Amino acid sequence: MAEIIRAAATADADTIATLNRAAFGGEDEVGIIERLRGDGLVAVELVAEQGGVITGHILLSWLPTMMDGRRVKALALAPMAVQPGQQKQGIGGRLIAAALDEARDTGAEAIIVLGHPDYYPRFGFSAALTQNLASPFQGEAFMALELVPAALAGRQGSVSYPSAFGL
Ligand SMILES: CC(C)(COP(=O)(O)OP(=O)(O)OC[C@H]1O[C@@H](n2cnc3c(N)ncnc32)[C@H](O)[C@@H]1OP(=O)(O)O)[C@@H](O)C(=O)NCCC(=O)NCCS
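Now for a description of the structure that goes with this document. (Residues numbered from 1 in each chain as written. Predicted model: local features only at pLDDT ≥ 70, side-chain atom pairs only at ≥ 80, totals over all residues. Heavy atoms only, no water.)

Structural notes on the pattern of salt bridges
Consideration 1: Scanning the model with the defined rule gives six salt bridges in all.
Consideration 2: With a shortest N-O distance of 2.8 Å, Asp-12 and Arg-6 are connected by a salt bridge.
Consideration 3: We classify Asp-12 as buried; its relative accessible area is 9%.
Consideration 4: Note that Arg-37 is salt-bridged to Glu-45, the shortest N-O span being 2.8 Å.
Consideration 5: It is possible to trace a salt-bridge network through shared partners that takes in Arg-6, Asp-12 and Glu-49. (Salt bridge = Lys/Arg side-chain N within 4 Å of Asp/Glu carboxyl O. Buried < 20%, exposed > 50% of the residue type's maximum accessible area, 1.4 Å probe, protein only.)

With respect to unusual backbone geometry
Consideration 1: With an omega of -10 degrees, the peptide bond running from Ala-78 to Pro-79 counts as cis.
Consideration 2: Relative to the assigned elements, Pro-79 resides in strand β4 (residues 70-82).
Consideration 3: One non-glycine residue with positive phi stands out, namely Lys-88, at about 60 degrees.
Consideration 4: Mapped onto the secondary structure, Lys-88 falls in the loop between β4 and α3 (91-106).
Consideration 5: Its relative accessible area of 87% is what places Lys-88 among the exposed residues.
Consideration 6: Although it is not a glycine, Ala-150 sits at a positive phi angle of roughly 70 degrees.
Consideration 7: Taking relative accessible area as the criterion, Ala-150 reaches 44% and is therefore assigned partly exposed. (Helix = DSSP H or I, 4+ residues; strand = E, 2+ residues; numbered from the N terminus.)

Comments concerning the site of the ligand
Consideration 1: What surrounds the ligand is a group of 18 residues, the closest being Val-82, Lys-88, Gly-90, Gly-92 and Gly-93.
Consideration 2: Contact between the ligand and Met-80: a nitrogen atom at 2.9 Å from a main-chain N or O atom of the residue.
Consideration 3: With respect to the ligand, the side chain of Gln-87 contributes an N or O atom lying 3.3 Å from an oxygen atom.
Consideration 4: Notes on the ligand: free accessible area 860 Å², of which the protein chains cover 71%.
Consideration 5: The cavity where the ligand resides is the largest pocket.
Consideration 6: Elements supplying a minimum of two residues to the shell around the ligand: α1 (13-24), β4 and α3.
Consideration 7: Grouping the constituent residues of the shell around the ligand by class yields nine nonpolar, seven polar and two charged. (Near = heavy atom within 4 Å. Polar contact = N/O pair within 3.5 Å; in protein donor to acceptor, adjacent residues only side chain to side chain. Areas by Shrake-Rupley, 256 points an atom, 1.4 Å probe, with all protein chains shown as cover. 1 Å grid on protein atoms, 1.4 Å probe; cavity = no way out; pocket = protein on both sides within 12 Å on 5 of 7 lines; lining within 4 Å. Sits in = over half its atoms within 2 Å of the grid points. Nonpolar A, V, L, I, M, F, W, Y, C, P; charged D, E, K, R; others polar.)

Here we look at the layout of surface pockets
Consideration 1: The calculated volume of the largest pocket comes to roughly 890 Å³.
Consideration 2: As for the largest pocket, its lining consists of 32 residues, of which Phe-24, Met-80, Ala-81, His-116 and Tyr-120 are closest to the centre.
Consideration 3: Sorting the residues of the lining of the largest pocket by element identifies α1, α2 (28-38), β4, α3 and β5 (110-114) as the ones contributing at least two each.
Consideration 4: Looking at the lining of the largest pocket residue by residue, the classes come out as 21 nonpolar, seven polar and four charged. (Points joined across faces, edges and corners; volume = space filled by probe spheres on them.)

Here we look at the environment of Met-80
Consideration 1: Among the secondary structure elements, Met-80 is positioned in strand β4.
Consideration 2: Look at Met-80 and you get buried, because its relative accessible area is 13%.
Consideration 3: Here the alpha-carbon distance between Met-80 and Ala-110, two residues 30 residues apart in the chain, equals 17 Å.
Consideration 4: Residues in contact with Met-80, not counting those within four places in the same chain, are Phe-24, His-57, Ile-58, Gly-92, Leu-95, Ile-96, Tyr-119 and Tyr-120. (Contact = heavy atoms within 4.5 Å.)

Here it is in C-alpha cells:
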C-alpha cells in the first residue's frame, strides 16, 4: 500500500494524540502538541498515512532564537513519532525529509531539535551548531540544522522555548 505524507488536518487530532501516546508512553507530547496548536505556533505539521491509517506524525513550531543580537527565524522539531510496530521502516526519515522541504517554504532559517544523537545527524543535524546557544538543553542531544548557511553562526545566542513546552 502506497504511503502518502500530507499536512495534518484538524480531523486527525485524536489519531495523532493516540499515536503520540503509544510512541512515547505518556501524555507529555500530547499536551505539547495541543498547546502549540492553541498558541498558534505550529509552522509545519505532517502525517504519514498508509491505506488510510496514520503511521507517523511530525511537528515543527516557531522557536524564538537570537544570535549576536539578531533574530534567527528558527523552528523546533518536536515532537515526532512513528507507530510502534512500524518503526525502523524509514517512515520517520521520510517525515523528516518532507518536513525540511516544508520548512524551507515557511522562510525558516534553522531547525533545532532535542533528540536521539544517533538519529538526527543522518539528516544533517549537528550538536556543533547549538554550542553557542544558551537554552535549557546542552550536549550531544541538542542539535540544529541550518536551512540558510551560517544562520546560527555567531558568538553568543539564545533559544527561548515557549510555555507550550512546559519547561
Ligand atoms: C524516533 C522515531 C520517530 C524514528 O522513526 P522511525 O520510522 O523508526 O525511523 P526510521 O525508520 O527513519 O529510522 C530508524 C532509525 O531510528 C533509530 N532510532 C529509533 N529510535 C531510536 C532511539 N530511541 N535512539 C536512537 N536511535 C533510534 C534506529 O536506530 C534506526 O536506525 P537504523 O536505521 O540504523 O536501525 C521512532 O522510533 C519513534 O517514534 N520513537 C518513539 C518516540 C521518539 O523517541 N520520538 C523522537 C523524539 S526525539
